[in-house]
Amino acid sequence: MFDIHCHILPEVDDGSRSVQESLAMLQKAQAVGIDTIMCTPHCRWDSFDKGKVEDAFQLIDEIAAPLGMSLELGYEVNVTKLMSLGIERAPEFALGDTGLFLLEFNDRALIPNWQRLIYQLQGMGLRVIIAHPERYRDVQKSLDIAREMKELGCYLQLSANFIKGGMLDTRRRIATALLKEDLIDYVASDAHRPDDYAVFAKALEFSRKTAS
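Please read these numbers as outputs of a predicted model, since none were measured by experiment. (Residues numbered from 1 in each chain as written. Predicted model: local features only at pLDDT ≥ 70, side-chain atom pairs only at ≥ 80, totals over all residues. Heavy atoms only, no water.)

**Some thoughts on helix α4 (residues 114-123)**
In step 1: Trp 114, Leu 117, Ile 118 and Leu 121 are the residues of α4 that are buried. Along α4, the residues classed as buried sweep out an arc of 100° about the axis, all on the same side. Along α4, the residues that are exposed and aim more than 90 degrees away from the buried face are Arg 116, Tyr 119 and Gly 123.
In step 2: Lining the buried residues of α4 we find α3 (79-85), β6 (100-104), β7 (127-131) and α6 (144-151).
In step 3: One or two positions beyond α4, positive phi appears at Gly 125, with a value near 90°. (Buried < 20%, exposed > 50% of the residue type's maximum accessible area, 1.4 Å probe, protein only. Helix = DSSP H or I, 4+ residues; strand = E, 2+ residues; numbered from the N terminus. Arc of directions from axis to C-beta. Contact = heavy atoms within 4.5 Å.)

**Remarks on the sheet that holds strand β1 (residues 2-6)**
Hydrogen bonding along the main chain pairs the strands of a sheet, whether they run parallel or antiparallel.
In step 1: Spatial strand order, β1-β2-β4: three strands in an open sheet with parallel pairing. Looking at which strands have only one partner, the edges of the open sheet turn out to be β1 and β4 (70-73). Across the sheet, the mean angle separating the axes of adjacent strands is 20° when strand polarity is ignored.
In step 2: The sheet contact formed by strand β2 (residues 36-39) and β4 spans four bridges and is parallel. Each bridged residue has a counterpart across the sheet, and for Met 38 the counterpart in β4 is Glu 72.
In step 3: In the packing of helix α2 (residues 50-64) onto the sheet, contacts are made with β2 and β4, and the angle to β4 comes to roughly 170°. (Pairing = 2+ DSSP bridges. Axes fitted to C-alpha atoms, helices over the stretch in contact; angles between N-to-C directions.)

**Digging into the sheet that holds strand β8 (residues 155-159)**
In step 1: On the basis of which strands lie adjacent, the open sheet formed by six strands has the order β3-β5-β6-β7-β8-β9 and parallel pairing. Every interior strand has two partners, whereas the edge strands, β3 (42-43) and β9 (186-188), have only one.
In step 2: Taken together, the three bridges between β8 and β9 define a ladder with parallel strand orientation. Bridging across to β9, Ser 159 finds its partner in Ala 188.
In step 3: Contacts from α4 reach β6 and β7, with the element oriented near 160° to β6.

Quick look at the structure:
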């Protein structure tokens, strides 16, 4: 099983806080049936250091190999940070060699003319995955935004912690609606801690039942 979005690399963002915690995350991931992980640290803050991320990946990749776990390096790229870096650099932050690009919008509002950004990324040969659309206020207001994302050729990815809310929780309600409309392509752990993989297992089971 493949996990396309997690924060397992140590001391590079708000995810794993140590090598020991990364190892615990690997073991928990394996316990729920995951054998391939796309490591996607945040490319968001001023403190982002691509070299540090690459070093952390090499370290954890070496630890994962004896466990039979396959790791790939990618990034969860925040739209504001992408604009700051320059859109032309987007291919540097794709998910391994897949040509997939994990794009995070800001929760409060999508950027004006967000569709143009999608077209630009696709024009570079990238296939855009929209990270956790259930969190975006614009999607919460209207599922037509999510439908438009799909029509533009984007993939949509739920983050497993939607399942932690009650049935009336906004994120869970929107995630459920997206699943029922068959708009979701990936359910990811978005794991930051070892226990997040138990949450992932619950979210995956719920998603399979809801989408069927």
